[in-house]
Amino acid sequence: KRLGFTEADLGSSFDLPELTLNYNQLPLETDQRTFKLNVKATDKNHPLKKLQVYANDVPVFGSQGVPVSGGQSVSKELTIELSTGINEIKVTATNIKGQESIPQSFEIQYTAPYYKPDLYLVTIGVSNYQQSQYNLAFAAKDAQDLAKTLSGSSAYERVITKTITNADATDSNILSLRTFVEQAKVDDVVAIFIAGHGVLDKNYNYYFATNNMDFNNPANGGLSYAQIESLIDGISCRNKLLLMDTCHS
């Protein structure tokens with residue numbers, strides 16, 4: 001479901017798509033931040049659905065990849081932003097049945113000089129809830145203390161922080177943080193810390209309890225794993241850390 005497929009999409013045949021790269025045209029190193037990659041993919045049985053590119057095991061175009069609509073054959077030029085140093089690039093093609101090709105991979109070194117990265121730090125803590133019988137003692141304080149501690153780190157050129165606690169920690173305010181972490185560049189670091197209640201609904205789906213969540217119906221105001229991951233999925237930054245101090249996390 002999370003990958004965008006249904007049971008009806010899945011078939012009984014497992015002839016995988018085939019993907020090819022022209023390795024003779026791939027340089028070992030470059031001094032250019034962006035790199036253009038020509039990809040060809042075919043499937044003898046089913047239309048192709050998407051291409052996926054990983055750089056050092058991070059999906060460059062997010063978990064959903066690059067959608068394609070070229071039927072059973074596609075040829076596409078992809079533009080990839082490189083990280084400083086070695087980039088291990090892996091490329092796959094997936095058809096409409098959810099079957100993914102064997103990865104084709106290569107390494108390319110971006111020879112730019114090293115600079116200290118910036119840290120984009122988000123800390124979220126909820127100790128006080130609209131349903132006050134669920135109040136906690138330390139979640140908000142933990143979020144504030146972590147931001148204060150890491151703000152003094154010498155490992156980064158800059159530490160840019162966003163701290164949201166208690167009444168401000170609503171589902172809409174937390175999801176709006178996407179615009180903040182999107183500012184991080186490819187070599188920067190994004191860290192998100194979340195503290196508070198974590199609950200399961202009747203179907204055992206996880207929700208982070210925002211200040212305005214209905215504990216009797218967690219989908220009303222609560223944040224699912226997928227929504228939390230959406231904050232960092234597909235952003236340019238590849239060094240991403242999610243810390244969750246909640247039950248069931």
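You'll find the structure just up there.
My aim in this report is to walk through the structure given alongside it, one point at a time. (Residues numbered from 1 in each chain as written. Predicted model: local features only at pLDDT ≥ 70, side-chain atom pairs only at ≥ 80, totals over all residues. Heavy atoms only, no water.)

1. Topic: the packing of aromatic side chains
- What the rule picks out here adds up to five aromatic pairs.
- Residues Y120 and F180 carry aromatic rings whose centres are separated by 5.5 Å and whose planes lie at 65° to one another, so their mutual orientation is edge-to-face. Residue Y120 is found in strand β10 (residues 119-125), and its partner F180 is found in helix α3 (residues 178-181); the two are separated by 60 residues along the sequence.
- Ring geometry for Y134 versus F215: centroids 3.8 Å apart, planes at 5°, classification stacked. Highlighted residues: Y134 in the loop between β10 and α1 (139-150) and F215 in the loop between β14 (206-208) and β15 (223-224), separated in sequence by 81 residues.
- On the basis of relative accessible area, F215 is assigned to the buried category, the value being 13%.
- One aromatic cluster is present, built from ring pairs that chain together Y129, Y134 and F215. (Phe/Tyr/Trp six-rings, centres within 6.5 Å; stacked < 30°, edge-to-face > 60°. Helix = DSSP H or I, 4+ residues; strand = E, 2+ residues; numbered from the N terminus. Buried < 20%, exposed > 50% of the residue type's maximum accessible area, 1.4 Å probe, protein only.)

2. Some points on the nonpolar core
- In this structure, I124, I174, V190 and F208 are the most contacted members of the largest nonpolar core, which totals 29 residues.
- If you list the elements that add at least two residues to this core, you get β10, α3, β12 (189-195) and β14.
- Sequence-distant contacts of I174, defined by excluding residues within four places in its chain, comprise I124, A169, F208, T210, L223 and L231.
- If you look at the next biggest cluster of nonpolar residues, it comprises 24 residues, including L48, A55, V74 and F106. (Core = buried A, V, L, I, M, F, W, Y, C linked by side-chain atoms within 4.5 Å. Contact = heavy atoms within 4.5 Å.)

3. Things to note about the side chain of Q52
- Tracing the sequence through the fold places Q52 in strand β4 (residues 48-55).
- Owing to a relative accessible area of 3%, Q52 belongs among the buried residues under this scheme.
- There is a polar contact of 3.0 Å between the side chain of Q52 and the backbone oxygen of G62.
- A distance of 3.5 Å separates a polar side-chain atom of Q52 from the backbone oxygen of S63.
- If sequence neighbours within four positions are ignored, Q52 has contacts with P59, V60, F61, G62, S63, Q64, G65, K90, V91 and T92. (Polar contact = N/O pair within 3.5 Å; in protein donor to acceptor, adjacent residues only side chain to side chain.)

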